[in-house]
Structures are given as structure tokens and as C-alpha cells.
Amino acid sequence: MTQHNLHTPDADDYDPSASSLADQVDQSVMAELLSIRSSIDNIDATLVYLLAERFKATQKVGFLKAAHRLPAGDPGREAAQIARLRRLAEDAHLDPAFAEKFLNFIIGEVIRHHEAIAEDHEAASGQHPQASALA
Ligand SMILES: O=C(O)C(=O)C[C@]1(C(=O)O)C=C[C@@H](O)C=C1
């Protein structure tokens, strides 16, 4: 049974002024809050598009690694990426520990995708022995 009274907002009916604070703040504070939130909304949308592009690129890496039976993870590359991002974060006044945690979170997901691609690839080449000989 669908629970219409427990409505969870989705992207189609996004209300940028949705808030649980309306009865706790005066209108001028709410207006300022909504104005700042409009930038936050733009930034969040950009993050989604950027992450989608990054995952498109890492998917290509996943196919390449699977085709050549390379390991999903590359700790040497990760160490270099983390050192670089920590430096960039410091320059940008972002907590470097947060930047590292965020990158590790994304890379963990990428590695799970790589492993799934490799499993699919192995299963497919098992079904076609001549394909596995060519890999
Ligand atoms: O560059 C690679 O080899 C990738 O698989 C991509 C990526 C990343 O997401 O940046 C993910 C896993 C590796 O450990 C290193 C980097």
C-alpha cells in the first residue's frame, strides 16, 4: 500500500523553499537563508553532474582493466591523488582530512564498480572460450 500521507519529496516536485524552520525565524532571516540556499542548490547540482562525468571516465578505466585483467585498485595512484587533493584542499581552505575521506569514499565505490565489471567480463569470456583466448 502506498503511504500518500508520508510524502517524500523528489526532484520532480522540488520546492527550494521547503523548510522546517519557517515558524522559528522571522521573514527577513528566512529570505536571507533562502538566498544562500539557492547557491547551495546550484553547487549540489554541479556536484551531481561532476560525479556523473567522473564515473563515466572511471567506467572506461574499469573496462580497460577488466579486458587486460589488471587489479581494480592502484594504491600508488591513490597515494598520489590523496597527497595532491590534500594540498589543493589546504590552498582552498577546505579541511584536508575531509578531502581525503571524500576521495576515499568515491574511490571505494569506483573499485566496487571495477570489480563488478571484471566479474561480468570473466563470466562472459568463460561462456566464449575463444574470446578469453583473445583477451
Ligand atoms: O586510475 C585508476 O586506475 C582507477 O581505477 C581510477 C581510480 C579513481 O577513482 O581515481 C580508482 C581506483 C584506483 O585505485 C585508482 C584511481
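Residues numbered from 1 in each chain as written. Predicted model: local features only at pLDDT ≥ 70, side-chain atom pairs only at ≥ 80, totals over all residues. Heavy atoms only, no water.

- In the annotation of an unreviewed UniProt entry, the chain is listed under the name Chorismate mutase and assigned to Pseudarthrobacter oxydans.

1. Observations concerning the site of the ligand
Next, step 1: The ligand sits among 14 residues. The nearest are Arg 54, Lys 65, Asp 74, Glu 78 and His 114.
Next, step 2: One of the side-chain N or O atoms of Lys 65 is found 2.7 Å from an oxygen atom in the ligand.
Next, step 3: Its free accessible area being 360 Å², the ligand has 90% of it covered by the protein chains.
Next, step 4: Tallied by class, the residues present in the shell around the ligand amount to 5 nonpolar, 4 polar and 5 charged. (Near = heavy atom within 4 Å. Polar contact = N/O pair within 3.5 Å; in protein donor to acceptor, adjacent residues only side chain to side chain. Areas by Shrake-Rupley, 256 points an atom, 1.4 Å probe, with all protein chains shown as cover. Nonpolar A, V, L, I, M, F, W, Y, C, P; charged D, E, K, R; others polar.)

2. Looking at unusual backbone geometry
Next, step 1: Its identity as a non-glycine residue notwithstanding, Arg 69 has a phi of 50°, on the positive side.
Next, step 2: Phi angles above zero are rare outside glycine, and His 93 is one such case at about 60°.

3. Overview of the pattern of salt bridges
Next, step 1: A complete count under the given rule lists 4 salt bridges for this structure.
Next, step 2: With its nearest N and O atoms 2.9 Å apart, the salt bridge here joins Glu 53 to Lys 56. Of this pair, Glu 53 and Lys 56 both sit in helix α1 (residues 27-67), 3 residues apart, which is roughly one turn of that helix.
Next, step 3: When its relative accessible area of 48% is taken as the criterion, Lys 56 is described as partly exposed.
Next, step 4: Between Glu 100 and Arg 86 there is a salt bridge whose closest N-O contact spans 2.6 Å. Here Arg 86 lies in helix α2 (residues 75-91) and Glu 100 lies in helix α3 (residues 96-127), a separation of 14 residues in the sequence.
Next, step 5: Note on Glu 100: relative accessible area 25%, which makes it partly exposed.
Next, step 6: Classification of Arg 86 by relative accessible area gives partly exposed; the value is 30%. (Salt bridge = Lys/Arg side-chain N within 4 Å of Asp/Glu carboxyl O. Helix = DSSP H or I, 4+ residues; strand = E, 2+ residues; numbered from the N terminus. Buried < 20%, exposed > 50% of the residue type's maximum accessible area, 1.4 Å probe, protein only.)

4. Regarding a nonpolar patch on the surface
Next, step 1: Together, Ile 43, Leu 47 and Leu 50 make up a nonpolar patch on the protein surface, roughly 290 Å² of accessible area in all.
Next, step 2: One can find Ile 43 in helix α1. (Patch = residues over 30% accessible without salt bridge, like charges linked within 9 Å, V, L, I, M, F, W, Y side chains within 5 Å.)

5. Some thoughts on α1
Next, step 1: With 41 residues, α1 extends 59 Å from end C-alpha to end C-alpha; this agrees with the ideal 60 Å at 1.5 Å per step.
Next, step 2: Every buried residue of α1 is listed here: Met 30, Thr 58, Gly 62, Lys 65 and Ala 66.
Next, step 3: Check the buried side of α1 and you find it contacts α3.
Next, step 4: A positive backbone phi angle near 50° is found at Arg 69, which sits one or two residues after α1. (Expected span 1.5 Å × (residues − 1). Contact = heavy atoms within 4.5 Å.)

6. Looking at the packing of aromatic side chains
Next, step 1: All told, the structure shown has 1 aromatic pair when counted by the stated rule.
Next, step 2: Measuring from ring centre to ring centre gives 6.0 Å for Phe 98 and Phe 102, while their planes differ by 15°; the resulting arrangement is stacked. On the criterion of helical spacing, the pair formed by Phe 98 and Phe 102 is a turn pair, its members being 4 residues apart in helix α3.
Next, step 3: Judged by relative accessible area, which is 44%, Phe 98 ranks as partly exposed.
Next, step 4: Judged by relative accessible area, which is 36%, Phe 102 ranks as partly exposed. (Phe/Tyr/Trp six-rings, centres within 6.5 Å; stacked < 30°, edge-to-face > 60°.)

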